[in-house]
Amino acid sequence: MQLDQLSSIDDLYVVCECMEVTYKEIIDAIKAGNCDLESLMDATDAGTACGKCKSRVDDPADERAIHLDEILALAKAEGLCPEEES
């Protein structure tokens, strides 16, 4: 799945199969301010079991179409996360 914007992902897509966390739940958690991988995992439980949904590095067989780190990067690029203070 080549994704260059968040709107190209279906809300019901299951990002984390182990914990049954949907894309919409991930986006809602990001909008609530969980804009780093650890806080996103804490808020949703995604990535806390097998870990394949965290990143492509954690998914060597490429079983997941998109990963938490990729969703976070797109969310930041689209302005869903507040700017980090320097």
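Predicted model only: the values in this text are computed from it and were never measured.

**Regarding the side chain of N34**
Next, step 1: Relative to the elements of secondary structure, N34 occurs in the loop between helix 1 (23-31) and helix 2 (37-44).
Next, step 2: Among the polar contacts made by the side chain of N34, one reaches the main-chain carbonyl oxygen of A29 at a distance of 2.9 Å.
Next, step 3: Excluding residues within four positions of it along the chain, N34 makes contact with A29, S39, L40, A43 and L72.

**Some remarks on unusual backbone geometry**
Next, step 1: Positive phi values are uncommon outside glycine, yet E20 reaches one of about 55°.
Next, step 2: Tracing the sequence through the fold places E20 in the loop between strand 1 (14-16) and strand 2 (21-22).
Next, step 3: The class of E20 is exposed, set by a relative accessible area of 63%.
Next, step 4: Even without a glycine there, the phi angle at D62 is positive, about 55°.
Next, step 5: Residue placement: D62 occurs in the loop between helix 2 and helix 3 (68-77).

**Overview of the packing of helix 1 against helix 3**
Think of two packed helices as two axes; the pair is described by the angle between the axes and how far apart they sit.
Next, step 1: One can describe the packing of helix 1 onto helix 3 by two numbers: an axis separation of 11 Å at closest approach and a directional angle of 50°. The angle between the axes of helix 1 and helix 3 places the two elements in the oblique class. For the pair helix 1 and helix 3, the sense of crossing is right-handed. Together, Y23, I26, I27 and I30 of helix 1 and L68, I71, L72 and A75 of helix 3 make up the contact between the two elements.
Next, step 2: Across the contact of helix 1 with helix 3, the residue classes tally to eight nonpolar, no polar and no charged.

**Focus on the side chain of T22**
Next, step 1: Among the secondary structure elements, T22 is positioned in strand 2.
Next, step 2: The contacts of T22, once residues within four sequence positions are left out, are D11, L12, Y13, V14 and V15.

**Structural notes on helix 2**
Given 3.6 residues to a turn, an α-helix orients residues that are three or four positions apart in the same direction.
Next, step 1: Inspection of helix 2 places S39, L40, M41 and T44 among the buried residues, and these make up the whole buried set.
Next, step 2: Where the residues of helix 2 are buried, they touch strand 2, helix 1 and helix 3.
Next, step 3: Backbone nitrogen of E38 and a side-chain oxygen of the N-cap are separated by 3.2 Å at the start of helix 2; the cap is D36.
Next, step 4: Just downstream of helix 2 lies D45, where phi reads positive at about 70°.

**So, a negative patch on the surface**
Next, step 1: A grouping of D36, E38, D42 and D45 is seen on the molecular surface, where their side chains present a negatively charged patch.
Next, step 2: Judged by its relative accessible area of 62%, D42 is exposed.

The rules behind these values
Residues numbered from 1 in each chain as written. Predicted model: local features only at pLDDT ≥ 70, side-chain atom pairs only at ≥ 80, totals over all residues. Heavy atoms only, no water. Helix = DSSP H or I, 4+ residues; strand = E, 2+ residues; numbered from the N terminus. Polar contact = N/O pair within 3.5 Å; in protein donor to acceptor, adjacent residues only side chain to side chain. Contact = heavy atoms within 4.5 Å. Buried < 20%, exposed > 50% of the residue type's maximum accessible area, 1.4 Å probe, protein only. Axes fitted to C-alpha atoms, helices over the stretch in contact; angles between N-to-C directions. Parallel < 35°, antiparallel > 145°, perpendicular 65-115°, else oblique. Left-handed = near helix turned anticlockwise from the far one by under 90°. Nonpolar A, V, L, I, M, F, W, Y, C, P; charged D, E, K, R; others polar. Patch = residues over 30% accessible without salt bridge, like charges linked within 9 Å, V, L, I, M, F, W, Y side chains within 5 Å. Areas by Shrake-Rupley, 256 points an atom, 1.4 Å probe, with all protein chains shown as cover. Salt bridge = Lys/Arg side-chain N within 4 Å of Asp/Glu carboxyl O. Lys, Arg positive; Asp, Glu negative; His and termini not counted. Charge placed at Lys NZ, Arg CZ, Asp CG, Glu CD.

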